[in-house]
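Descriptive structure summary
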Amino acid sequence: MRLRLKGARVVDPGSIDDYKDIIIFDGMIEAVIDPSSPYPPVMLDSSDPSSVTKGLKSEENDTNYSEAGKIGVDNFPVEEGDTNYSEKGKVEASPTVSGEGYTNCSKEADITEIDLAGMVVVPGLIDMHVHLREPGQEYKETIETGLKAAARGGFTAVCPMPNTNPVNDNAQITAFMVNRAKSLGGTRLYPVGAITRGLKGENLAEYGDMKQAGIVAITDDGRPVENARVMRRAMEYARGLGIPVISHAEDLSLAGDGSMNEGIVATRLGIKGIPNAAESTVVMRDIALAELTGARLHIAHVSCEESVDAIRQGKKRGVNVTAETAPHYFTITDEAVAEYDTNAKMNPPLRTEQDRLAVIEGLSDGTLDIIATDHAPHSLLEKDVEFDRAAFGIVGLETALGLSLQLVNNGSLTFDELIEKMSKKPAALLNINNDIVPGNPADLTIIDPDAFWSVNPETFFSKGRNTPFAGYHLRGEVYMTMVQGTIAYHRTDGGQ
Amino acid sequence: MRFEHKDLLTLDALSSEEITMILDTAEGMKEISNRPIKKVPTLRGKTVVLFFQEPSTRTKISFDIAGKRLSADTISISSGSSSIVKGETLIDTARNLEAMNPDIVVIRHSSSGAATLIAGRIKASVINAGDGLHAHPTQALLDLMTVREKKGRIEGLKIAIIGDIAHSRVARSDITGFTKMGASVTVAAPLTMIPKGIEKLGCRVAPDADSCIEGADVVMMLRIQKERQEQILFPTEREYSNLFGLTEKRLKSARRDVLVMHPGPMNRGVEISNDVADGSHSVILDQVTNGVALRMAVFYLVAGGVKHAA
């Protein structure tokens, strides 16, 4: 069976920004064609279908849609935006095609059309920083609920961190995760292995074995590698295997038993603080080690101005470093802790407005390459307690795109830049090819850019309800998530 | 005028008028403690639970005596005897207390925000007897009461607070309370003990003890906890005492009628010298006496009483 994604604007940063129809066959992208083109192509001047496809991609489309190719999501033509979501995206099992400009040629091809007028199709989003809690803490989240939440958040792939129980520091655990995800279908799972055995910071884990089993990077996330010599050896060893090292940058002696950002709010609330330097000093150390070793270094969850500056300087010097931040760091500040709201407690902590703006600046000037969620589901057992005893972390999969789109809505990023940071850059770092081109798997995220919706944790697919964004009104929502040509999530409620 | 708050968690929530009402009520209560029969029937039939998760002697006794002088039934739970040690969560403990229908729960807890957390979950009035590093509102109120009693006013006075501001809930509540009542507060300590942004609470930070004390109407010394030395906050008690300890000599730069206060327990010879602690300026024991009256007033007001009705 073939699918034709019809009527959407297709954005693959750097190559496509145009109204295109995508033909999917057997889970793969078979063709990307002009919306008015029949499929299979009517052979008028060539017997080679690929040449027709290529031809369709070039000049004649540009003349029609050149303007659309330059605009951000904010400027999406109003007449294309349909406020009646119930009709949009209706899957038409019938091969009959309705609507002007289409030539009915699908009978013999048995094409199922999906009407995506008003939608934007982008390469599948990848969240390279999640905690799915399985094995070991299935009461918080499972691979199944985590992947469903990911699909709902528009992610076609996620990278679970190794701080499970047991730790993902060996090929057996890696294989368990990979097989579990495969048996479930839906969003793909690319595990990240441990840097050190048991996350203890002492001995290197078997990266080679784990790589064969499916890991795409290594980290001791949740903990820093405290010993600089161990980190150096890990970088050297990983470099030989061609896998990036992800740094959870935190100086534990500086962080102490702090539970929120050190600053005015912590002082008022009487909560012990974690200074920016607890993060930035280790960012600087690891950049120096990456320079020493030539390893591919990726800094996780950047929260503060000093870290952004350090990464900017490192990049200027040519160090092989990339970095991510999370939506909460560019959306809210430590003021969100308000009266001891444990749903605003995470590590690194929410910082000040100055840091928030520095993070946005870092995203917009390219210092921060990637937006990842650090999705960290917890149950009420860990969160409905005294603030200093509450667990660190918030869920993020189902709010990430909505929150990040606000950066586009307010002009901080272009839509292309956002898709770079949520899809293309993580794909490049992890050696995943998710370009929207014939021959690639149909891993696609379909966004309804003008839908208004409210965050309601009660409706989350994740087991975690720990979010500070409950009640947030956002513009731009995931409409559909497709993995290998199969619909992993489809908004059915007609919007909220 | 009625006291409109269910709980007393922090002074932030109170207006200066409300603080004045509490102080006025406490003054009225003070006389009861001087009667031969130190008991009035005001809170007869009311149950007050004293839930102290953190060790405390004087605060707990002060609340206990205050409740008993108003004829309330007071029941104590301490960390050793409570089910906290058996792994029960704070919220479950609170719910269990609630199920026994107390009227007032007094809580002391090592976590900042613990009183706020409980207050949101139970119907009984919650009085914060100290939560972590956050607040100790009845201590600040009894300090205000003592100063007003001795000086006749609070507004316009210069208050010096010296000690570990960063780790002191008393300092936070005093800064808030005295500032709210129109006094100006200056703090001093080694900079390791001055938390970031403390000025936003309304105080000034003096560069050293002497400039903090100069011209002060009130000098409040905070206890230096010996454990803090392990957290690398100061090198030795000897040096702390030299730089920040209150001595007769140092006190000379304050106003002649300066009041010396301390929330206790004191480390004599460390933050305060013997002669100052026991000297003519010291009102440290008046603070303790006033603590009972102040807590009687707080019980009375949160239980729904009106001003001066004792």
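Rules used throughout
- Residues numbered from 1 in each chain as written.
- Chains lettered and ligands numbered in written order.
- Predicted model: local features only at pLDDT ≥ 70, side-chain atom pairs only at ≥ 80, totals over all residues.
- Heavy atoms only, no water.
- UniProt positions renumbered as here; feature names shortened; annotations may be inferred.
- Helix = DSSP H or I, 4+ residues; strand = E, 2+ residues; numbered from the N terminus.
- Buried < 20%, exposed > 50% of the residue type's maximum accessible area, 1.4 Å probe, protein only.
- Contact = heavy atoms within 4.5 Å.
- Salt bridge = Lys/Arg side-chain N within 4 Å of Asp/Glu carboxyl O.
- pLDDT = per-residue confidence, 0-100.
- Buried area = accessible area lost by both parts, 1.4 Å probe.
- Polar contact = N/O pair within 3.5 Å; in protein donor to acceptor, adjacent residues only side chain to side chain.

Focus on the UniProt feature "binding site: substrate" (unreviewed entry) in chain A
All names here are of chain A. Following the UniProt record, the feature "binding site: substrate" (unreviewed entry) maps to H131, L132, R133, N163, N347, H378, F392 and G393 here. Mapped onto the fold, L132 is located in the loop between β9 (125-130) and α3 (143-152). L132 gets classed as buried once you look at its relative accessible area, which sits at 2%. The residues touching L132, leaving out its near neighbours within four places in the chain, are E141, T142, I143, G146, L147, V158, P160 and L189. Tracing the backbone shows H378 in the loop between β19 (370-371) and α13 (380-383). Not counting residues within four places of it along the chain, the set of residues in contact with H378 comprises R133, K140, K383, A391, F392, G393, G464, R465 and N466.

Some words on the pattern of salt bridges
All names here are of chain B. Counted under the stated rule, the structure contains 45 salt bridges over all chains. D64 is paired through a salt bridge with K68; the nearest N and O atoms lie 2.7 Å apart. Here K68 and D64 lie together in helix α2 (residues 58-69), a separation of four residues that amounts to about one turn. K68 sits in the partly exposed class, given a relative accessible area of 39%. For D210, the salt bridge is made with R250, and the minimal N-O distance between the two is 3.1 Å. One end of the pair, D210, is in helix α7 (residues 209-213); the other, R250, is in helix α9 (residues 248-251), with 40 residues separating them in the sequence. You can call D210 partly exposed: its relative accessible area is 39%.

Description of the confidence of the model for chain B
Looking at chain B as a whole, its pLDDT mean stands at 93, while 94% of the residues score no less than 70. The complex model carries a pTM of 0.88, and its ipTM stands at 0.91.

Side note on the UniProt feature "binding site: Zn(2+) 2" (unreviewed entry) in chain A
All names here are of chain A. Per the UniProt record, "binding site: Zn(2+) 2" (unreviewed entry) is annotated on D221, H248 and H301. Taken along the chain, the residues just named run across 81 residues; in space they keep tight, none of their C-alpha pairs more than 9.9 Å apart. Here H248 is to be found in the loop between β14 (245-247) and α7 (252-255). H248 gets classed as buried once you look at its relative accessible area, which sits at 6%.

Section: the interface of chain A and chain B
One frequently used descriptor of interface size is the decrease in accessible area upon assembly of the parts. Between chain A and chain B, the contact holds 16 residues from the first and 23 residues from the second. Where chain A abuts chain B, roughly 1,600 Å² becomes buried across the two surfaces, and 55% of that area is made up of carbon and sulfur atoms. For the interface between chain A and chain B, the tally reads one salt bridge. Across the pair R121 of chain B and D384 of chain A runs a salt bridge, and its minimum N-O distance is 2.4 Å. For the pair chain A and chain B, the interface holds nine residue pairs in polar contact (both at pLDDT 80 or more).

Considering the UniProt feature "binding site: carbamoyl phosphate" (unreviewed entry) in chain B
All names here are of chain B. UniProt's entry tags R58, T59, R108, H136, Q139, G264 and P265 with the feature "binding site: carbamoyl phosphate" (unreviewed entry), counted in the numbering of this structure. Assignment of secondary structure puts T59 in helix α2. For T59, a relative accessible area of 6% puts it in the buried group. Not counting residues up to four positions away in its chain, the partners in contact with T59 are F52, R108, A129, H136 and R295.

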